[in-house]
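# Examination of the molecular architecture
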Amino acid sequence: MTNMASDRELADRAFQVLDDFRIEIPSWGFSNTGTRFGKFLQTAAASTIAEKFSDAAEVQRLTGSTPTMALHVLWDLPNGLADVETVRSLEKQHSIRAGSINPNLFQDQEYKYGSLCNPSAEIRARAVDHMILSVEIASQLNSRDISLWLPDGSNYPGTQSIRHRIGWLEEALQETHHHMVLGQRLLVEYKPFEPAFYHTDIADWGMALHLAKAAGPQARVLVDTGHHYAAQNIEQIVAWLIHTGMLGGFHFNDRRYADDDLTLGSIDPYQVFRIFHEIHAAGHEGVALDVAFMIDQSHNLKGKIEAMVQTVVSAQELWLKASLVDRDQLSHLQKKCDLVAAEELFRKTFWQDIRPVVAEWRAARNLPVDPLCALRKSGYVERITQERAGRQSSGGSYA
Ligand code: PSV
Ligand code: MN
């Protein structure tokens, strides 16, 4: 009886954790993306914003945790503010809201030597205008976050003044911040290399933290899990950003080598668990957190929707697992420096199979108990493959 009661208690807690869990899907995860060596085109890939909304709605129907979709300005609103009305009507039609708005400073030919950090004041000003347009689009769509990834950098030593570029960047972000309304946030993403190969203007979390602070009170840091060197301890970075009150959000994906953009947890689920643990632990201690979970993946080989569902399911499972760490007991063991017991408690939670309770939750919420299987049975992918056959997909590219 006692066991049954505690099983029920555990299930209630799990249901609450899963009900509250939200993760944003990226519009570009549904389109034909690839590597810099090329793309393997998928007939079912979305090539219009309407198709992306339709695919996002399918992921939400299957998983129940993805009510918003991140938009990339040039790929999804190529006509700027003139496209806002289209997005609004798609939001209504598919019951999916526009999520973070991502400026695009990496495609125009004039950005060859940088955008916000270009030595040309004219080009810098045009890049700032694009940032301001992104803020305006976000305002009109009621999107809270403007999520900036800056591709700027240089390829050869001595060819740019790294310090001058820091100054230009501070100015540009301050100017952007100035245009934001209350409640909006500017998320500053970092990446150690690519497309630049000698220096990247926002290469790591320390630089992003400084720039977010310099930009203004509504700026925070965004951690893309793929944007670290292989040996880096990402959960430690997360802990620091929580401590400084500067953790704004995540771009989740998995990697083996660099920015591989693989499905979450496909290479190292324990790392995702450790990151989630830091967030749950801070919440448990009453630290105020406001963290946006977003996916940033590029599926070159897997089916787009299948890959997205896999990631959302992994995120739900790992988020739940990490919530189940007995934090009072762990804290007690940490204080005693009982290393093995503390580690075993942590590992035991990671290894426990929570899939039955997740399935129970799905059934209780009228969601398919096995989302991937439901996707296959639904015929959705076959239908869109037929509908989209013969069309040249575009819209969002890493290559
Ligand atoms: C860059 O690698 C990145 O992580 C940024 O978040 C971009 O917005 C996204 O991928 C799509 O290119
Ligand atoms: Mn990213």
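Residues numbered from 1 in each chain as written. Chains lettered and ligands numbered in written order. Predicted model: local features only at pLDDT ≥ 70, side-chain atom pairs only at ≥ 80, totals over all residues. Heavy atoms only, no water.

This part is about the overall build of the chain. When you go through the chain residue by residue, the secondary structure sums to 15 helices and 10 strands. In terms of C-alpha radius of gyration, the chain reaches 21 Å, essentially the compact-globule figure of 21 Å for 399 residues. For the chain, the C-alpha atoms occupy an extent of roughly 75 × 55 × 40 Å along the three principal directions. In the chain, which comprises 399 residues, the proportion classed as buried is 54%. For the chain, long-range pairs separated by at least 24 residues make up 79% of all intrachain contacts whose partners lie at least 6 apart in sequence. (Helix = DSSP H or I, 4+ residues; strand = E, 2+ residues; numbered from the N terminus. Rg over C-alpha atoms; globule rule 2.2 N^0.38 Å. Buried < 20%, exposed > 50% of the residue type's maximum accessible area, 1.4 Å probe, protein only. Contact = heavy atoms within 4.5 Å.)

What follows deals with helix 9 (residues 269-284). The end-to-end C-alpha separation of helix 9 is 22 Å, in line with the 22 Å expected for 16 residues at 1.5 Å each. Residues of helix 9 that are buried include every one of Gln-271, Val-272, Phe-273, Arg-274, Ile-275, Phe-276, His-277, Ile-279, His-280, Ala-281 and Ala-282, and no others. Where helix 9 is buried, its residues meet helix 8 (234-243), strand 9 (247-252), strand 10 (292-295), helix 10 (304-323), helix 11 (327-336) and helix 12 (339-351). (Expected span 1.5 Å × (residues − 1).)

Tallied over the entire structure, the rule returns 22 aromatic pairs. Between Phe-276 and Phe-293, the aromatic rings sit 5.6 Å apart at their centres with planes inclined by 40°, giving tilted as the arrangement. With Phe-276 in helix 9 and Phe-293 in strand 10, this residue pair connects regions lying 17 residues apart in the sequence. Three or more aromatic residues joined by ring pairs form one cluster here, namely Phe-21, Phe-250, Phe-252, Phe-276, Phe-293 and Trp-319. Here the basic side chain of Arg-256 rests over the ring of Tyr-257, its NZ or CZ set 5.1 Å away from the ring centre. The ring of Phe-350 carries the charged tip of Lys-321 above its face, separated from the ring centre by 5.0 Å. (Phe/Tyr/Trp six-rings, centres within 6.5 Å; stacked < 30°, edge-to-face > 60°. Lys NZ or Arg CZ within 6 Å of the ring centre and 35° of its normal.)

Further remarks concern the coordination of the manganese ion (ligand 2). The coordination sphere of the manganese ion (ligand 2) contains the protein donors Glu-189 (OE), Asp-224 (OD), His-251 (ND1) and Asp-296 (OD), at a distance range of 2.2 Å. Each of the six donor atoms bound to the manganese ion (ligand 2) contributes to angles spanning 72 to 164°, and the resulting shape is octahedral. Written as a sequence motif, the donor arrangement for the manganese ion (ligand 2) is E-x34-D-x26-H-x44-D. Placement of the pair is Glu-189 in strand 6 (residues 185-189) and His-251 in strand 9, with a sequence separation of 62 residues. Residue classification places Glu-189 among the buried residues on the basis of a relative accessible area of 2%. (Donors = N, O, S within 2.8 Å, 3.2 Å for Na, K, Ca; no water. Tetrahedral: all angles 85-135°; square planar, octahedral: opposite > 155°, others 65-115°.)

It is worth spelling out the pairing of strand 8 (residues 219-224) at this point. Within strand 8, five of the six residues are buried, leaving the element largely enclosed by the surrounding structure. The pairing of strand 8 with strand 9 spans four bridges and is parallel. Paired with Asp-224 across the bridge in strand 9 is His-251. For the crossover that starts at strand 8, traverses helix 8 and ends in the parallel strand 9, the hand is right-handed. (Pairing = 2+ DSSP bridges. Right-handed = clockwise from strand over helix to strand, strands pointing away.)

Our next topic: the confidence of the model for the chain. In the predicted model, the chain carries a mean pLDDT of 95, and the fraction of residues at 70 or more is 96%. The model gives residues 393-399 a pLDDT under 50, and that stretch makes 26 contacts with residues more than four places away or in other chains. (pLDDT = per-residue confidence, 0-100.)

Tallying each qualifying case throughout the model produces 21 salt bridges. A salt bridge links Arg-144 to Asp-145; the nearest nitrogen and oxygen atoms lie 3.5 Å apart. On the basis of relative accessibility, which here comes to 6%, the residue Asp-145 falls in the buried class. Residues Lys-191 and Asp-259 are paired through a salt bridge, measuring 2.9 Å at the closest nitrogen-oxygen approach. In this pair, Lys-191 is assigned in the loop between strand 6 and strand 7 (199-200) and Asp-259 in the loop between strand 9 and helix 9, connecting sequence segments 68 residues apart. Each member of the pair Lys-191 and Asp-259 is classed as buried. A single salt-bridge network, built from bridges that share partners, covers Arg-144, Asp-145, Arg-185 and Asp-290. (Salt bridge = Lys/Arg side-chain N within 4 Å of Asp/Glu carboxyl O.)

For Thr-263, the location among the structural elements is in the loop between strand 9 and helix 9. Thr-263 sits in the buried class, given a relative accessible area of 5%. Leave out the neighbours within four places in its chain, and Thr-263 touches Asp-254, Gln-297, His-299, Lys-302, Ala-307, Gln-310 and Thr-311.

Let us look at the site of ligand 1. If you check the shell around ligand 1, you find 13 residues, and the closest are His-72, Glu-189, Lys-191, Asp-224 and Asp-296. The separation between an oxygen atom of ligand 1 and a polar side-chain atom of Glu-189 is 2.8 Å. Between ligand 1 and the protein, one listed contact pairs an oxygen atom with a side-chain N or O atom of Asp-259 at 3.1 Å. Protein chains shield 97% of the accessible area of ligand 1, which is 310 Å² for the free molecule. Per-class residue counts for the shell around ligand 1 are five nonpolar, three polar and five charged. (Near = heavy atom within 4 Å. Polar contact = N/O pair within 3.5 Å; in protein donor to acceptor, adjacent residues only side chain to side chain. Areas by Shrake-Rupley, 256 points an atom, 1.4 Å probe, with all protein chains shown as cover. Nonpolar A, V, L, I, M, F, W, Y, C, P; charged D, E, K, R; others polar.)

Here the focus is helix 2 (residues 49-63). Look at helix 2: 21 Å from first C-alpha to last across 15 residues, which is about the 21 Å you get at 1.5 Å a residue. Summarising burial for helix 2: 12 of the 15 residues are buried, a large majority. All buried positions along helix 2 are accounted for by Ile-49, Glu-51, Lys-52, Phe-53, Ser-54, Asp-55, Ala-56, Ala-57, Glu-58, Val-59, Leu-62 and Thr-63. Gly-64 sits one or two positions beyond helix 2 and adopts a positive phi of about 75°.

A grouping of Ile-162, Ile-166 and Tyr-198 is seen on the molecular surface, where their side chains present a nonpolar patch of about 260 Å² in accessible area. The class for Ile-166 is partly exposed, based on a relative accessible area of 36%. (Patch = residues over 30% accessible without salt bridge, like charges linked within 9 Å, V, L, I, M, F, W, Y side chains within 5 Å.)

This next bit is on the side chain of Asn-300. Tracing the chain through its elements places Asn-300 in the loop between strand 10 and helix 10. With sequence-adjacent residues up to four places away left out, Asn-300 is seen in contact with Thr-33, Gly-34, Thr-35, Gly-38, Lys-39, Phe-40 and Gln-42.

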